[in-house]
Amino acid sequence: MVPDTCPNCGASLSPNANYCSECGDAVDDDSWGVSSAESNWDAGGSRSDSRTEYGSNRRTDGDTTMAALTHVLAIFTWAIGPLIVLVATDDPFVEENARNALNWQIAFTFYMLVSAVFVLAIIGIVPLLLLPVVDLAFCAIAAVKAADGEAWSYPATPAIV
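All of these numbers come straight from a predicted model, not from anything done at the bench.

### Topic: the environment of Glu-150
Part 1: Structurally, Glu-150 is set in the segment after helix 5 (125-147).
Part 2: Dropping the residues within four chain positions of it, Glu-150 is found in contact with Arg-58, Phe-93, Asn-97 and Lys-145.

The structure is reproduced here in structure tokens:
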């Protein structure tokens, strides 16, 4: 039998609910009365289930502004901006973001050159037009993720640097 309210947060539950819509606790009889924080951690302070906590690879200390600006700088300066940041920084988080941005700009240049060669065969026109839009989108996504404290790896980008 499912209770009318969640014992963890007190939110009202629908009769066929499997999870609380407010706090996310499971609504099965085995887990009622035990909060999700209590049920997922063992006595030693480590996770007892196989799930990874959201944001576990995020930076929680320090400023993330320079890391985000590195990706925005790449939009306007190509690989030169991230290269300067990579050489000038001492912060490992900013360095990782600068390396990711630099690798993407090098790969982006290679993709543009290949598309330019394929223009002669007519099949390179679409990638040649779409790649700058993809570059802008990827740099924007990376900047937002860096501002949030996460070092985002660009898709289809080899580790060159």
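### Remarks on the UniProt feature "transmembrane region" (unreviewed entry) in the protein chain
Part 1: In this numbering, the UniProt entry assigns the feature "transmembrane region" (unreviewed entry) to residues 66-88 and 108-131.
Part 2: As annotated, residues 66-88 comprises 91% helix and 0% strand, and the C-alpha atoms at either end are separated by 11 Å.
Part 3: Along residues 108-131, the helical share is 75% and the strand share 0%, with 8 Å between the first and last C-alpha atoms.

### Examining the nonpolar core
One recurring pattern in soluble globular proteins is that nonpolar side chains are buried together.
Part 1: With 11 residues, the main nonpolar core is built from Ala-67, Ala-68, Ala-79, Val-85, Leu-86, Phe-93, Val-94, Ala-98, Leu-102, Ala-146 and Ala-151.
Part 2: Put simply, the parts of the chain that give this core at least two residues each are helix 2 (65-77), helix 3 (80-88) and helix 4 (92-118).
Part 3: With residues near it in sequence (within four places) discarded, Phe-93 still touches Arg-59, Thr-64, Ala-67, Ala-146, Gly-149, Glu-150 and Ala-151.
Part 4: Grouped together as the second largest cluster of nonpolar side chains are 10 residues, Ala-74, Phe-108, Leu-131 and Ala-142 included.

### Focus on the side chain of Thr-64
Part 1: As for its placement among the helices and strands, Thr-64 is situated in the loop between helix 1 (36-40) and helix 2.
Part 2: In terms of polar contacts, Thr-64 uses its side chain to reach the backbone carbonyl oxygen of Ala-147, at 2.9 Å.

### Considerations on helix 4
Part 1: Taking 1.5 Å per residue as the helical rise, helix 4 with its 27 residues ought to reach 39 Å, and the 39 Å between its terminal C-alpha atoms agrees with that figure.
Part 2: At the N-terminal end of helix 4, a side-chain oxygen is found 3.2 Å from the backbone nitrogen of Phe-93, two or three residues along, and the residue is Asp-91.

### Quick notes on the pattern of salt bridges
Part 1: What the rule picks out here adds up to 1 salt bridge.
Part 2: The partner of Arg-99 in a salt bridge is Glu-95, with the nearest N and O atoms 2.6 Å apart. Pair noted here: Arg-99 and Glu-95 are both in helix 4, with a separation of 4 residues, about one helical turn.
Part 3: Judged by relative accessible area, which is 27%, Glu-95 ranks as partly exposed.

### What about the side chain of Asp-135?
Part 1: In this fold, Asp-135 is placed in helix 5.
Part 2: Of the buried charged residues, Asp-135 lacks a salt bridge, with Lys-145 as the closest side chain of opposite charge at 17 Å.
Part 3: Excluding residues that lie within four positions of it along the chain, Asp-135 makes contacts with Trp-104, Gln-105 and Phe-108.

What counts and what doesn't
- Residues numbered from 1 in each chain as written.
- Predicted model: local features only at pLDDT ≥ 70, side-chain atom pairs only at ≥ 80, totals over all residues.
- Heavy atoms only, no water.
- Helix = DSSP H or I, 4+ residues; strand = E, 2+ residues; numbered from the N terminus.
- Contact = heavy atoms within 4.5 Å.
- UniProt positions renumbered as here; feature names shortened; annotations may be inferred.
- Core = buried A, V, L, I, M, F, W, Y, C linked by side-chain atoms within 4.5 Å.
- Buried < 20%, exposed > 50% of the residue type's maximum accessible area, 1.4 Å probe, protein only.
- Polar contact = N/O pair within 3.5 Å; in protein donor to acceptor, adjacent residues only side chain to side chain.
- Expected span 1.5 Å × (residues − 1).
- Salt bridge = Lys/Arg side-chain N within 4 Å of Asp/Glu carboxyl O.
- Lys, Arg positive; Asp, Glu negative; His and termini not counted.

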